Amino acid sequence: MAAVLALTPILIAIVLLLLKQSSWVAALAGGVLAAGLVAFVFPTPASVLVESGIDYFPLILEVALILLFGMLLARLLESAGSMSQISSWVESLSPGRPLGVALVVFGIVPFAESVTGFGIGVTVGVPILHHLGCTLRQSAILGLLGLIAVPWGALGPGTTVAAALAGLDVDELGLATAWINAIPVIIVAIAVVAIMRPSAASALGIIGSGALMWAGILASSSVIGMAPSGIIGSLIVILLLGALFMIRKRATGLTRRLGVAVLPYGVLTVGLLLARALDAALPSTVTQIIASPPFWLAAACLIAAITVAGRREVTVAAVRSWIPIGVGTAAFMLMGWIMTTTGMSEAIGSLLPAGLILLTPWLNSIGAVLTGSNTGANSMFTGTLTAAAASSQVSALPVVAAGNAAGSLAALAAPPRVAMAVQIADASVAASAKDISWVQGRALAVAGINALALGLWIQFFA
């Protein structure tokens, strides 16, 4: 009975999301219900809650700041015309549609997503794909497939949350996720080839681009750490393919305006890497703050704001957009913390048949489709995944990593994100229900195949 009651906070959140309520409403309702269950069904000593909260609540603040500065940076770059400059560079140098698509799917979209998060990469990639000659439907689904590096999106708050709730080191979980993310990369590469139907040489280029991004993320996760790995892996693809394009065209396409457009990205990437090296060499509270993702996202915002005339209005609009997302994410994190600390997640894990850990990636996939975020999905289900791993006598690390990878890719199938991708593929006409349905179906199919593949891997090889 207690296990069934423990499930009710998640169920009420899911029902409210299905009823088209805002994510923050669903998250707050689930959090309030979870808090009520602590009082009557899962009593927990106050000392335990205080000790755990001291460690966890700063993480909520960090994630909220990452989201705030990530959304502000995206708005500032759009207002400054940076996105248009980058799009024009890709369009001018791309030698053909398939390789241009490879650059966007495994380079441009993952890079933008790794810097800013929350589907911003789609808004950058889909218009480029449409200008490269892809149809409206192709542009939308290919742009969504570019969300292949979401575990590192916005410098990885979702992965950070999962690590905290599972009691794992965040860089260790990032590395494990990087290894297992080979499965989503393979699925996405096959999907891109199936959609584009390129020549054999171009198909190898697409597959090679996916492999290069995966290898770059893996190497960075191993040597540097989790947070900047999505940026580094996708940047390797951009630099290598960009260099090949420039050699083929015998032109660089590099201009001062393009340099100004990418400067905030450069400040963020280089600053974060140097700060992390400094913190490793001279660990202290000051260097830890300087090495945090919010610090360098804020620095990138300051650089980007220099060329924006109406920066105050842009900032106000970004803050207004952030409030429901920030509140919703914080509420989901709070709900996950309550359920993990008080034993609710462990009780839910007992409902899963022992040994059937192949089901665990599906939990995060469902959560990501409903919330549109791997942070929300990890907040809801990481405790359950950890408990399921324990009951099956399997290490929690690969199970949580597989759930992280599954939920991250499944975020592409969130209905609002699909509708947005279809609409921005051609902003001159209203998105049709038929086009949205076509893209939604394929996005769900990719998410389902990915969850199935990751579940089978966990079941037989973890």
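Residues numbered from 1 in each chain as written. Predicted model: local features only at pLDDT ≥ 70, side-chain atom pairs only at ≥ 80, totals over all residues. Heavy atoms only, no water.

1. Considering the overall build of the protein chain
Next, step 1: A tally of helices and strands in the protein chain yields 22 helices and zero strands.
Next, step 2: For the C-alpha atoms alone, the extent of the protein chain along its principal axes is close to 70 × 45 × 45 Å.
Next, step 3: Evaluated residue by residue, the protein chain yields a buried proportion of 56% over its 462 residues.
Next, step 4: Counting only contacts in the protein chain whose residues sit at least 6 apart along the sequence, the fraction spanning at least 24 positions is 81%.
Next, step 5: Summing over all exposed atoms, the protein chain offers an accessible surface of approximately 18,400 Å²; the carbon and sulfur share of this is 70%.
Next, step 6: Of the side-chain charges in the protein chain, 17 are positive and 14 negative, and the distance between the mean point of each set is 19 Å. (Helix = DSSP H or I, 4+ residues; strand = E, 2+ residues; numbered from the N terminus. Buried < 20%, exposed > 50% of the residue type's maximum accessible area, 1.4 Å probe, protein only. Contact = heavy atoms within 4.5 Å. Areas by Shrake-Rupley, 256 points an atom, 1.4 Å probe, with all protein chains shown as cover. Lys, Arg positive; Asp, Glu negative; His and termini not counted. Charge placed at Lys NZ, Arg CZ, Asp CG, Glu CD.)

2. Some words on the pattern of salt bridges
Next, step 1: Under the criterion given, the structure shown has two salt bridges.
Next, step 2: A salt bridge links aspartate 171 to arginine 276; its shortest N-O distance comes to 3.6 Å. Taken together, the residues span a long stretch of sequence, with aspartate 171 in helix H9 (residues 170–180) and arginine 276 in helix H13 (residues 256–281) at a distance of 105 residues.
Next, step 3: You can call aspartate 171 partly exposed: its relative accessible area is 28%. (Salt bridge = Lys/Arg side-chain N within 4 Å of Asp/Glu carboxyl O.)

3. Section: the environment of arginine 257
Next, step 1: Looking at the element boundaries, arginine 257 is found in helix H13.
Next, step 2: You can call arginine 257 exposed: its relative accessible area is 58%.

4. Thoughts on unusual backbone geometry
Next, step 1: A positive phi angle is found at arginine 197, which is not glycine, with a value near 50°.
Next, step 2: For arginine 197, a relative accessible area of 73% gives the class exposed.
Next, step 3: Even without being a glycine, glutamine 393 presents a positive backbone phi close to 55°.
Next, step 4: Here glutamine 393 lies in the loop between helix H19 (374–391) and helix H20 (396–410).

5. A short note on the packing of aromatic side chains
Next, step 1: Overall, the coordinates contain five aromatic pairs when judged by the stated rule.
Next, step 2: For the ring pair phenylalanine 57 and tryptophan 337, a centre distance of 5.2 Å and an interplane angle of 75° mean the geometry is edge-to-face. Placement of the pair is phenylalanine 57 in helix H3 (residues 46–80) and tryptophan 337 in helix H16 (residues 311–341), with a sequence separation of 280 residues.
Next, step 3: Taking relative accessible area as the criterion, phenylalanine 57 reaches 41% and is therefore assigned partly exposed.
Next, step 4: Taken together, the ring pairs connect Tyr56, Phe57 and Trp337 into an aromatic cluster. (Phe/Tyr/Trp six-rings, centres within 6.5 Å; stacked < 30°, edge-to-face > 60°.)

6. Topic: the side chain of serine 221
Next, step 1: Position of serine 221 among the secondary structure elements: in helix H11 (residues 200–223).
Next, step 2: Serine 221 gets classed as buried once you look at its relative accessible area, which sits at 5%.
Next, step 3: A distance of 2.8 Å separates the side chain of serine 221 from the backbone oxygen of isoleucine 217, its partner in a polar contact.
Next, step 4: With residues up to four places along the chain from it excluded, the contact list for serine 221 reads Trp152, Gly174, Leu175, Ala178 and Ser229. (Polar contact = N/O pair within 3.5 Å; in protein donor to acceptor, adjacent residues only side chain to side chain.)

7. Focus: helix H21 (residues 415–425)
Next, step 1: Within the span of H21, buried status applies to Arg417, Val418, Ala421, Val422 and Ala425. Looking straight down H21, one finds its buried side chains confined to an arc of 135°; they lie on one side.
Next, step 2: Residues of H21 that are buried sit in contact with helix H6 (120–131), helix H7 (136–145) and helix H22 (433–461). (Arc of directions from axis to C-beta.)

8. Regarding helix H5 (residues 97–116)
Along an α-helix, a turn takes 3.6 residues, which lines up residues three or four apart on a common side.
Next, step 1: At valine 104, H5 shows its strongest bend, of approximately 40°.
Next, step 2: For H5, the buried fraction is high: 18 of the 20 residues fall into the buried class.
Next, step 3: Where H5 ends, the next residue or the one after it, glycine 117, has phi of about 80°, a positive value. (Bend = angle between axes of the 7 residues up to and from the residue.)

9. So, the side chain of threonine 160
Next, step 1: Along the chain, the position of threonine 160 falls in helix H8 (residues 157–166).
Next, step 2: Relative accessible area serves as the criterion here: at 19%, threonine 160 is assigned to the buried category.
Next, step 3: Setting aside residues no more than four positions away along its own chain, threonine 160 makes contact with Leu59, Val170 and Met226.

10. Describing the nonpolar core
Next, step 1: In terms of nonpolar packing, the biggest core is built from 151 residues, with Phe106, Leu142, Leu145, Val192, Met344 and Leu412 touching the most fellow members.
Next, step 2: Looking at this core element by element, the count peaks at 13 residues for H3.
Next, step 3: What leucine 145 contacts, discounting residues up to four positions off in sequence, is Val105, Val188, Ala191, Val192, Ile195, Leu412 and Val446. (Core = buried A, V, L, I, M, F, W, Y, C linked by side-chain atoms within 4.5 Å.)

11. A look at the packing of H5 against H6
Next, step 1: Where H5 contacts H6, the two axes come as close as 7 Å, and the packing angle between them is 155°. Classified by the angle between their axes, H5 and H6 sit roughly antiparallel to one another. For the crossing formed where H5 meets H6, the hand is right-handed. Judged by residue contacts, Val101, Val104, Ile108, Val109, Ala112, Glu113 and Thr116 of H5 engage Ile120, Gly121, Val122, Val124, Gly125, Ile128 and Leu129 from H6.
Next, step 2: Split by residue class, the contact of H5 with H6 holds 10 nonpolar, three polar and one charged. (Axes fitted to C-alpha atoms, helices over the stretch in contact; angles between N-to-C directions. Parallel < 35°, antiparallel > 145°, perpendicular 65-115°, else oblique. Left-handed = near helix turned anticlockwise from the far one by under 90°. Nonpolar A, V, L, I, M, F, W, Y, C, P; charged D, E, K, R; others polar.)

12. Considering the packing of helix H18 (residues 360–371) against H19
Next, step 1: Put simply, H18 and H19 touch, their axes get as near as 8 Å, and they point 165° apart. Comparing their axes, H19 and H18 come out roughly antiparallel. Here the hand of the crossing between H18 and H19 comes out right-handed. Two secondary-structure elements touch here, H18 through Thr360, Leu363, Asn364, Gly367, Ala368 and Thr371 and H19 through Gly376, Ala377, Asn378, Met380, Phe381, Thr384, Leu385 and Ala388.
Next, step 2: Across the contact of H18 with H19, the residue classes break down as seven nonpolar, seven polar and no charged.

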